[in-house]
Amino acid sequence: MSAFDREEEYFQFALEVTKKAGHLVKTAFAKHESAVTTKASATDLVTETDKAVEELLIKSISEKYPDHQFIGEESVAAGKRSPWTDAPTWIIDPIDGTTNFVHRIPFVAICVGLTINKELRAGIVYNPITEELFTALRGRGALKNGFPIHVSKTSEFNKSVICTSLGIHNIVEKGQQWLDIALDNHRRSVAAGVRGHRAFGSAAINMVYVAQGSVDAYVEYGIHSWDIAAAAIIVQEAGGVVIDPTGSEFNLMARKVLCGASKPLVQEMSKILTHVEFEPEL
Ligand code: 2AM
Ligand code: CA
Ligand code: CA
Ligand code: CA
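Being a predicted model, the structure only gives us computed values, none of them experimental.

The subject of this paragraph is the overall build of the protein chain. Helix and strand content of the protein chain: eight helices and 14 strands. Taken along the three principal axes of its C-alpha coordinates, the protein chain extends 50 × 45 × 35 Å. Burial statistics for the protein chain: of 282 residues in total, 55% are counted as buried. A separation threshold of at least 6 residues defines the contact pool for the protein chain, and within that pool the share at least 24 residues apart is 65%. Split by element, the accessible area of the protein chain, about 12200 Å² in all, is 53% carbon and sulfur. Distance from the positive charge centre (28 side chains) to the negative charge centre (35 side chains) of the protein chain: 3 Å.

Attention shifts here to the domain arrangement of the protein chain. The domain boundaries assigned to the protein chain delineate domain 1 (3–148) and domain 2 (157–272). Each side of the interface is counted separately: domain 1 has 39 residues, and domain 2 has 26 residues. In this assembly, domain 1 packs against domain 2 so that about 2400 Å² is buried in total across both faces, 69% of it on carbon and sulfur atoms. Joining domain 1 to domain 2, the criterion identifies one salt bridge. With its nearest N and O atoms 3.5 Å apart, the salt bridge here joins R138 to E237. Taken together, domain 1 and domain 2 are joined by nine residue pairs in polar contact (both at pLDDT 80 or more). Where the side of domain 1 that touches domain 2 is concerned, the elements lending two or more residues are β3 (69–72), α3 (73–77), β4 (89–96), β5 (109–116), β6 (119–127), β7 (132–137) and β8 (142–144).

Moving on: the coordination of the calcium ion (ligand 3). In the first shell of the calcium ion (ligand 3), the protein supplies D93 (OD), D96 (OD) and D227 (OD), at 2.0 to 2.2 Å from the metal. Every donor residue of the calcium ion (ligand 3) comes from the same chain, spaced as D-x2-D-x130-D. In this structure, the calcium ion (ligand 3) lies 5.2 Å away from the calcium ion (ligand 2). Placement of D93 in strand β4 and of D227 in helix α7 (residues 225–237) is noted, with a sequence separation of 134 residues between them. As far as burial versus exposure is concerned, D93 and D227 are alike and both buried.

This prediction gives the protein chain a mean pLDDT of 94; 97% of its residues lie at or above 70. Across the assembled chains, the prediction reports ipTM 0.95 with pTM 0.97.

A few words on the UniProt feature "binding site: Mg(2+) 1" (unreviewed entry) in the protein chain. UniProt's entry tags E73, I95, D96 and D227 with the feature "binding site: Mg(2+) 1" (unreviewed entry), counted in the numbering of this structure. These annotated residues cover 155 residues of sequence, and their C-alpha atoms lie no more than 9.6 Å from one another, placing them together at a single site. Structurally, I95 can be placed in strand β4. Sequence-distant contacts of I95, defined by excluding residues within four places in its chain, comprise V25, T47, T49, D50, E73, F101, V108 and A109. Along the polypeptide, D96 turns up in strand β4. With sequence-adjacent residues up to four places away left out, D96 is seen in contact with F107, V108, A109, C111, S202, A203, A204, I205 and D227.

Their axes nearest at 10 Å, the elements helix α1 (residues 3–31) and helix α2 (residues 48–64) cross at an angle of 155°. Compared by their axis directions, α1 and α2 come out roughly antiparallel. Read as a crossing pair, α1 and α2 show a hand that is right-handed. Seen from α1, the contacting residues are E9, F13, A14, V17, T18, K20, A21, L24, V25 and A28; seen from α2, they are T49, A52, V53, L56, L57, S60, I61 and K64. Among the residues making up the contact of α1 with α2, the classes are represented as twelve nonpolar, three polar and three charged.

Basis of the calculations
Residues numbered from 1 in each chain as written. Chains lettered and ligands numbered in written order. Predicted model: local features only at pLDDT ≥ 70, side-chain atom pairs only at ≥ 80, totals over all residues. Heavy atoms only, no water. Helix = DSSP H or I, 4+ residues; strand = E, 2+ residues; numbered from the N terminus. Buried < 20%, exposed > 50% of the residue type's maximum accessible area, 1.4 Å probe, protein only. Contact = heavy atoms within 4.5 Å. Areas by Shrake-Rupley, 256 points an atom, 1.4 Å probe, with all protein chains shown as cover. Lys, Arg positive; Asp, Glu negative; His and termini not counted. Charge placed at Lys NZ, Arg CZ, Asp CG, Glu CD. Domains from an automatic or database assignment. Buried area = accessible area lost by both parts, 1.4 Å probe. Salt bridge = Lys/Arg side-chain N within 4 Å of Asp/Glu carboxyl O. Polar contact = N/O pair within 3.5 Å; in protein donor to acceptor, adjacent residues only side chain to side chain. Donors = N, O, S within 2.8 Å, 3.2 Å for Na, K, Ca; no water. pLDDT = per-residue confidence, 0-100. UniProt positions renumbered as here; feature names shortened; annotations may be inferred. Axes fitted to C-alpha atoms, helices over the stretch in contact; angles between N-to-C directions. Parallel < 35°, antiparallel > 145°, perpendicular 65-115°, else oblique. Left-handed = near helix turned anticlockwise from the far one by under 90°. Nonpolar A, V, L, I, M, F, W, Y, C, P; charged D, E, K, R; others polar.

In structure tokens:
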């Protein structure tokens, strides 16, 4: 089997498991009964469903592919993290948008990304509530529910609708310093003439909305690899650009991302923003 076919097989298997996990999320969302607890801070939520989804994905994939590795949000929170090696590594966020999930706002996504030799090779971002399934395989384009998607044609900041999380209350380790910069970045982008800001409450959904051309760019600091791995390859395969907010090369583990419809647009945006550095994840 060629490396190409092997990737496709891994991807198809993960897709089947992700769809099963989607049933869990959809049912729990409808019942509104998933028990909520907090993690690092009062705004850092986790539910039974987050844990159940991550467990299902890791158990199913590791049974079929025992040599594969996993970096998943809730496993890392529980102290279980594979090292990031050249081996096939699944980077998983069981629910991106847990606050939305808890508040029954339908912007939630199961995110499953695959790296091989530390390169993103495949991505799945699935919102089972709205039944939007975004997928990408390296070199083969990005799809939504099986149909090709493409970023917008926007290359100017003053014609753009951009996404970011605003407030970023959740970046506990930078506290007030980062909150001030984040709010100032919001003010700067308004002053620079941005057409609009949106914040969907899920990093992955912000990014796949860039991929399908609904919004033009997304910037975030303080996020983790599992928030962006799957969605980053979907943006790239939809013709978009993914870079470090400072303008340098994208690093999946650097805890920040800037992506958008075109290179001129992300470069212009990079110059408007004040940047913050975080300790890389690995
Ligand atoms: P989560 O729902 O998987 O936790 C909210 O705008 C976005 O920020 C979501 O993608 C959310 O992912 C993420 N997020 C929530 N808490 C965070 C934290 N403490 N650090 C970084 N990102 C966080
Ligand atoms: Ca979380
Ligand atoms: Ca997340
Ligand atoms: Ca999550």
